[in-house]
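Tertiary structure, described
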Amino acid sequence: MAKQKMKLSHRIVSASAAVLLVASSLVISIGTYLSMQTAEQDSRALFNSVASGLAVTAQDLLKESQVISTTLANTYGAEIDSGDASRTNIAQMTEAALRGTTDILGIAVFLQPNVAGKDADYIGKKYASDTGQFVPYFYMENGSVQSLTADIGRADVQRRMRRAMQQKSQFVTEPYTFDVEGKTILSASVLDPILNARGEPVGVVVIDVDFDKLQEKMGAANFYDTGRLAVVSEDGLWVSHSDRSVLGEKVRPVIESIMSGVRDKANVQEVGDRLFIFEKFQLGTTDQYWFAGMSVTTEELTAGARNTRDMALIAAVVSGLIGCIILWFIGNSIARPIVNLTYRMQSLADGNVSDEVQYTGRSDEIGQ
């Protein structure tokens, strides 16, 4: 049986289509790769930007407390050193400072015994302990400032006061939780020593920070469906997290590992199906650092790159189909005259000289 040969038009279309497909595949592959790289870089840059914004948000939340704490401590120190300090004035200034804040749970002013008056003269009076020591704690309730006498005998309170007075500079405590009316509250305290002109500590200002506000601000900043934003203290305790049950607890070892890799720049690591980023930020003028971080699934992070790839592939398929259709018309326009002339030459060989020879008016090789 004679082997069937491919038609000339099919050969032209097939050869041209093969060249088109090879060339377009190379161009599309390179273009898609570059587009995906660019899209992924943009996604990672946005990811880094969100993490940096989170660090700034956490810094700003603490900044108000740190500035107020330092201002009050300096003011009270100057008043006490001048001999003009009165406990009533200190209480009024503290109330006024608290009234104008947004991210503070409460302010305590603890004076050393017999500072701003003799303690014995204040036993049984407002703002005083059982021994007459000035130890009020001011807090907001229903839009107004309330006060109570702080329990400075607690071991944790004594430890923090000693540290503030010994180092004679501000510091921020690790986060801790406490229950208020059945609700778990997470806070950390900013402490500033009250120093006299000789640099001797005569008291401490303590400000409790409201980390629920940080949680709200973080939630507003999270626009990833699978995103988890968090703030971690220097000792690795959760300051803010989407899961409130872990607040104040130790982070997992994998998070500690990522945090330990943070230097001047953020540390980005992929763990399982999630991408993590952590960067550290300084707590005001202290030498303390906390960490702001977030994670998101790699699938969501690379969604933009995959969409770019899919659009490029769809465009490639559509372009290929259009190209093949155009090539089919071009192939037929070349092959049809040759086929017709072949039939005419066969008829000439059979002695038919009466039929007209077509295409003689063309200026190309077929016309010749």
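Conventions we followed
Residues numbered from 1 in each chain as written. Predicted model: local features only at pLDDT ≥ 70, side-chain atom pairs only at ≥ 80, totals over all residues. Heavy atoms only, no water. Helix = DSSP H or I, 4+ residues; strand = E, 2+ residues; numbered from the N terminus. Buried < 20%, exposed > 50% of the residue type's maximum accessible area, 1.4 Å probe, protein only. Contact = heavy atoms within 4.5 Å. Areas by Shrake-Rupley, 256 points an atom, 1.4 Å probe, with all protein chains shown as cover. Pairing = 2+ DSSP bridges. Axes fitted to C-alpha atoms, helices over the stretch in contact; angles between N-to-C directions. Phe/Tyr/Trp six-rings, centres within 6.5 Å; stacked < 30°, edge-to-face > 60°. Lys NZ or Arg CZ within 6 Å of the ring centre and 35° of its normal. Patch = residues over 30% accessible without salt bridge, like charges linked within 9 Å, V, L, I, M, F, W, Y side chains within 5 Å. Salt bridge = Lys/Arg side-chain N within 4 Å of Asp/Glu carboxyl O. Expected span 1.5 Å × (residues − 1). Arc of directions from axis to C-beta.

1. Considerations on the overall build of the protein chain
Each helix and strand in the protein chain was counted, giving seven helices and 13 strands. Evaluated residue by residue, the protein chain yields a buried proportion of 40% over its 368 residues. The contacts in the protein chain between residues at least 6 apart in sequence include a share of 57% that link residues at least 24 apart. Here the protein chain has roughly 20400 Å² of accessible surface; of this, 54% comes from carbon and sulfur atoms.

2. Some words on the sheet that holds strand β4 (residues 171–172)
As summarised here, the arrangement of the six strands in space is β3-β2-β1-β8-β7-β4, forming an open sheet in which the pairing is antiparallel. Each having just a single partner strand, β3 (144–149) and β4 make up the two edges of the open sheet. Direction of pairing for strand β2 (residues 136–141) relative to β3: antiparallel, over a ladder of six bridges. Bridge pairing in β3 places Y139 opposite Q146. On top of the sheet, helix α2 (residues 87–99) reaches β1 (104–111), β2 and β3; it is set at about 160° to β1, its chief contact.

3. Regarding the sheet that holds strand β12 (residues 274–282)
Read from one edge to the other, the open sheet built from five strands follows the order β10-β9-β13-β12-β11, with strand pairing classed as antiparallel. Both edges of this open sheet fall to β10 (238–240) and β11 (267–271), since each of them pairs with a single strand only. Across the sheet, the mean angle separating the axes of adjacent strands is 30° when strand polarity is ignored. The sheet contact formed by β11 and β12 spans five bridges and is antiparallel. Within β12, the position partnered with V271 by the bridge is R274.

4. Brief notes about the packing of aromatic side chains
One pass over the full model with this rule turns up four aromatic pairs. Ring geometry for F211 against W290: centres 6.0 Å apart, planes inclined by 45°, an arrangement best described as tilted. One end of the pair, F211, is in helix α4 (residues 211–221); the other, W290, is in strand β13 (residues 289–297), and 79 residues separate them in sequence. Note on accessibility: F211 and W290 belong to one class, buried. Positioned above the aromatic ring of Y176, the side-chain terminus of R160 is 4.5 Å from the ring centre. Just above the ring of F171 sits the side chain of R163; from NZ or CZ to the centre is 4.1 Å.

5. Focus: a nonpolar patch on the surface
A cluster of nonpolar side chains, M311, I314, V318, I322, I326, I330, I334 and I338, forms an exposed patch at the surface whose accessible area comes to about 700 Å². With respect to the helices, strands and loops of the structure, I338 is situated in helix α7 (residues 303–349).

6. Focus: the pattern of salt bridges
Per the counting criterion, the structure on display carries seven salt bridges. The partner of R99 in a salt bridge is E95, with the nearest N and O atoms 3.7 Å apart. One end of the pair, R99, and the other, E95, are both in helix α2, four residues apart, so they sit about a helical turn from each other. D156 serves as the salt-bridge partner of R160, at 4.0 Å between the closest nitrogen and oxygen. Of this pair, R160 and D156 are both found in helix α3 (residues 155–167), four residues apart, which corresponds to roughly one turn of the helix. On the basis of relative accessible area, D156 is assigned to the buried category, the value being 19%. A network of salt bridges, in which partner residues are shared, links R154, D156 and R160.

7. Points about α3
For α3, built from 13 residues, the straight-helix expectation of 18 Å at 1.5 Å per residue is met to within 8% by its first-to-last C-alpha distance of 18 Å. Buried residues of α3: D156, V157, R160, M161, A164 and M165, and no others. An end-on view of α3 places all buried positions within 160° of arc, on one side of the element. The exposed set on the far side of α3, more than 90 degrees from its buried face, consists of A155 and Q166. A positive backbone phi angle near 55° is found at K168, which sits one or two residues after α3.

8. A word on helix α5 (residues 253–260)
Among all positions of α5, only I255, I258 and M259 are buried. For α5, the angular spread of buried residues about the axis comes to 100°, placing them on one side.

Taken by themselves, the reported measurements are silent on function.
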